[in-house]
Structure formats: C-alpha cells, structure tokens
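What follows is each chain in one-letter form.
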Protein chains: 2
Amino acid sequence: MDQTHPPQTDDLPDEITGPPASVDEFRTRLADILDDLPRRLRQCADYIAANTDRIAVSTVAELATGADVPPSAVMRFCQILGFSGFSEMQRLFREAYSPGWPDYSTRLKNLKEGGAGSPTALLAEFIEAGRQSLEALAKSADEVALQQAVAVLAGADTVHVVGLRRAFPVASYLAYVFEKMSVPAMLHDGVGKLDHRFALRPNDAVLAITFAPYSEETLTLAQDAKARGLPVVALTDRMTSPLVRFSDAILTVPEVDFGAFRSLSATIAMAIALAVAVGSARGS
Amino acid sequence: MDQTHPPQTDDLPDEITGPPASVDEFRTRLADILDDLPRRLRQCADYIAANTDRIAVSTVAELATGADVPPSAVMRFCQILGFSGFSEMQRLFREAYSPGWPDYSTRLKNLKEGGAGSPTALLAEFIEAGRQSLEALAKSADEVALQQAVAVLAGADTVHVVGLRRAFPVASYLAYVFEKMSVPAMLHDGVGKLDHRFALRPNDAVLAITFAPYSEETLTLAQDAKARGLPVVALTDRMTSPLVRFSDAILTVPEVDFGAFRSLSATIAMAIALAVAVGSARGS
DNA sequence: GCAATTTTGGAATTTTTATTCCAAAAATCC
DNA sequence: GGATTTTTGGAATAAAAATTCCAAAATTGC
C-alpha cells in the first residue's frame, strides 16, 4: 500500500535496492550491514551467516529459536536485507539449491548395487572419482599460476608437449587442441629420445605432464629445456613433484584415483582450459 | 466386516510399520511398493524417486504439479509409505539436507568472474562441462550394453583399440589400462593403414571409439572387422552413430561440450570402467 | 533527567500450506 | 452386465507459518 513515500517521513531513501539476487550478493550485503546493527538483529545476522545452508529448509520460528530471538526479529532482519519478508529470502535459497541433475545420486547408488566388481559398480566408482576430482580442482585451482602458464606458453614459438604413460592421453589431447587453435605444438611421445634435444629451439617452451611415479623421460626433457633457458610449464599432481624444480609455472591438479587408475577428469579440464586460453591469447 | 472369520487374521491393519527412519530406508520401501501401485500413485512415486532431493525444499503443491497429479495424490503417497503425512516425510529430508555448496559452486562462480575468456573462467566452464557429463552418464548408462561389451572383449584374444583425433586420448588411455591389466591389446593410431588388416586375427575383437564428425579410418577398421566376423564394441556419442551398424555392443556417452572441445570426462570414466572390468573378467 | 527516537517482544492477523473427506469415476470381480 | 471395490479429484477444513502492529522497554540526544 504505502510502499512509496509515506506522508510524514524524513526521506532517507538509504537503500532502495531490491532484494539480493544471488547467494553471493546476500553474503556481501550481510557483511556490509553487519557492523551497525542493534543487538537482536545482530544475533540474527550472526546465526544466519553461520547457518546459511539451513535457510532453505527452516521456518522463521526455527531460525528464531536458533538465534535466540523472537520471530519478529528474524522478519525484521529479512526486511533490512532488502527482502519483502522471510518467504522471499527463503525462495532465493531454495532456488539456488538446484543441482540440475536430481536423480544423480540415486542412480549412482543403483549402479553401485550391481555388486562389487561388476562393470556398472566400477563405472559408478569412476564417475564418482571424476566428479570429486573436478570439485576439488574448482576449490584448489591456483589462478595466478594458471595465468603465468598461459603467459609463458602464449609467448613461445613452439610448444613442446610431453607426457608419458598415464599422462600421455592428456598430452595427446593437448596436442590436438593446440592444433585446432593454430598453436604450433609438438607432441613428444618418448620414442627416439635423441630427437627431443634437436627439436627444442630458442624461444620455444615446454609443457610437461607427469604424476607419481614420475616418468624419467619427461623429467629429463624438462631438465634439458631448463638448462637451455627455455621456460617450462608443469602439469603435475603436487607441489613436491620433481618437476617443480625445473618449472616456471606449476599447475597442480588434485586427481582422485579409484583403484590404480586416475580419472583424469580434472587433469583434462585443466589441460583444455590452458590450451584454449593460450590459443586465444595468441590469436589476439 | 467379515462375518466368517478366516483361519488367518488378515483383517489386521495392513501397515503396522512406522515411517522410514532414514533416506535409505525410504528408498528401499519405495522400490518395494513401486510395482503394485495404481496409476496416479505411481506417477508420484516415479517423480519423487527422481527428485528426492527436492522434497526438503518443496511444498505438496509443487511436487504435485511436478508429478502432474492433484495434491491429494501426493498426500496419499506419503501415507502409503508409512508417514503420517507430507510434513513428516519432509522432516526426514530436511534433517538430512546438506547442500554441496557453498564451497564448490561459489568457487566456480568466482572463477568465472575472472571475465569471459579469461583462463580461470575457461577452467570453470570445463570443470562444469565435465561434471555435467559425468552426472549425465550416471543417469543414462546402459548396464546391459556394458555387460555385453565386457563379455565380448573378455572373450577375445587381442583387443584392437582404435580412436583418432579427439578420441585418441581415450584410445591411448585404454591401451595403457589394458596393458596394466595384462590384457593383450593393440592401439591403432591411423598411420600405416595397411597394417590394420593384417593385425586383425580370428578370435580378436575391436573396440572402436569415435564421435561426430566420425573419423573415416575408425569406421573403416570397424567395418573390416565386422566383415571378417570379428566382434566390435562401439564407444560413441549417440545411437545414430554410423558405428552402430557394425557393432555388437554399443556404449554411448553423453558428453557435454564447452565451445568446440569435449570434456572427455564421461568418455574416460566409461573407458576405464570397461577396461578394468574386462581385465578382471579375464583374470578370473 | 526528560523528551525523542529506536529497538524489542509478543499477540493478533493474514496468508499459505497441509490434510481430510466424500462423491464421482474407473477398475475389478462374479 | 451389474455389483463391489478401488482409485481419483477437488472442495472444505484444519494446521502451520508468515507477517504486521503496537505498546513497552531501551537507548540516545540534549
């Protein structure tokens, strides 16, 4: 009704801002106001900040109890944040929680029930390993290192890609993507070791990929390149990898294994991102 | 009421069982009754089984709409499962509720904020593509086809693996895993086409991998194998793939692309599962 | 210390949501 | 084919939850 100017008001339209449009915005706004909030409202803010994930499944009364305030305080809190009320705030969190693939976990469970060792159970395990790897990568990715790596490779004449054994699929995919992106690249496959030394020219760069147990040949090539003053980018499993010593930019990927085999999901995601970024950095 | 008392007291209340005490028990009970359920109730069951994780954040009306039934049908469904009503069922799921975020999805969002085309934004996209691919695979995997494929390959003397271009990384990884599992395998890499024909021996099998646009050489090899009566297993993107014609077992993987490049996550998960299953089937 | 302003708690109210109930429709049985 | 049982849809009702409102308490400014 009187949503707009009431008759007698000190018109202090501090915030005509609408409700937060995302969970992130919600957090930002919450942090902004947190400091100048009266006692009870502050209790709400603290409790809710610490329990954001329960907003979607709680009632006003429950949150109020949790924060040890009366329900009306929670309502006020919602309004201060820009929502029309609690329901609007809750809607934000209910919608934000929408993994597009609801029956994923059910289905995975069914697959696993095929019995330990059955093909479908194996598949479920590898799917899960891959997914965990990707999520871990999302959390741990080093943005600075990635930018460095792109810069190094974008400045090279030819990119020498080396990766053997388990790393070879990644190396070969990188070579493929580089070719598609018109980046001069050379895939070293470990046969004819002598060729390597001659192939490395000034202004080239090396992209070396290896995971424990680290492949001798890959390390050697990286070392050679370093000795000649060529920049080396490492794609490896951890910061203690021997590759780290020779490298100018280090990308680590947290890959979850199942049994003896890597899912490679995270490694490949990182590899493609790198290659495409290098490709477009060169293009422009 | 029955006048004549039968020997057994089958006029007892049908359900003395209380409500499911856990999500697992819920699933079990749902699976039990699923088969003998009238039409509308079955719609509920199907929809809810496929959307269990939305129960915690939905209203009866919302679920009813989703399942395309009236709200009362949903209520009946809850009661059949042993709950006193929807609220009790919802309580179970609300207690178990714990969303995957904030970490993962917030972080992804931050990565993307590096700006379109930035290396980290690309990484986020590929991570997301990979994850979606894996989840889609979990949903769509054809257990029967997988078992067929394992049977075919486990019975072969030598497995010929062929996959070129984008499929080559997968093929090479398969070759690696087969080697580790002591399965005689041969990786065909497209150079020296003539070799292929001679390499195929009676009792061998072919594992062909290709995605649109399908590689000529791969199709040719599969066709040759078929012509000689060798079994062919296809790992491809859809049922309309030209590979399907020559194949005895068809594995399709729903891979989500970002830009021009496949994440390969799902394909590799399927490939490893297949290889490991074949390896252990032979071992025993 | 007094008046003005802000903050608070909880009761009253409104809105939404869950739940029941029953007549009609459909299916099943004899 | 008619009687009986099961299933269904939706209106009616009950319950729960959200939201508003206002008087009392606390705080602030002078």
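Conventions and cut-offs
Residues numbered from 1 in each chain as written. Chains lettered and ligands numbered in written order. Predicted model: local features only at pLDDT ≥ 70, side-chain atom pairs only at ≥ 80, totals over all residues. Heavy atoms only, no water. Contact = heavy atoms within 4.5 Å. Buried area = accessible area lost by both parts, 1.4 Å probe. Salt bridge = Lys/Arg side-chain N within 4 Å of Asp/Glu carboxyl O. Polar contact = N/O pair within 3.5 Å; in protein donor to acceptor, adjacent residues only side chain to side chain. Helix = DSSP H or I, 4+ residues; strand = E, 2+ residues; numbered from the N terminus. Nonpolar A, V, L, I, M, F, W, Y, C, P; charged D, E, K, R; others polar. Phe/Tyr/Trp six-rings, centres within 6.5 Å; stacked < 30°, edge-to-face > 60°. Buried < 20%, exposed > 50% of the residue type's maximum accessible area, 1.4 Å probe, protein only.

1. Thoughts on the interface of chain B and chain A
- Listed by partner, the interface residues are 66 residues for chain B and 64 residues for chain A.
- Contact between chain B and chain A buries roughly 6300 Å² in total, counting both sides, with carbon and sulfur atoms accounting for 69%.
- Counting every contact that joins chain B to chain A gives 2 salt bridges.
- Taking the shortest distance from any N to any O, the salt bridge between Arg131(A) and Glu135(B) comes out at 3.0 Å.
- The interface formed by chain B and chain A includes 7 residue pairs in polar contact (both at pLDDT 80 or more).
- If you tally residues by element for the side of chain B that touches chain A, the top one is helix H7 (residues 119–140) of chain B, at 15 residues.
- Counted by class, the side of chain B that touches chain A contains 37 nonpolar, 12 polar and 17 charged residues.

2. Thoughts on the packing of aromatic side chains
Residue and element names in this part refer to chain B.
- Enumeration according to the criterion identifies 7 aromatic pairs over all chains in this entry.
- Geometrically, the ring pair formed by Tyr 173 and Tyr 176 is stacked, given 6.0 Å between the ring centres and 10° between the ring planes. Taken together, the positions of Tyr 173 and Tyr 176, both in helix H9 (residues 168–180) and 3 residues apart, correspond to about one turn of that helix.
- Tyr 173 gets classed as buried once you look at its relative accessible area, which sits at 2%.
- Given the relative accessible area of 14%, Tyr 176 is considered buried.

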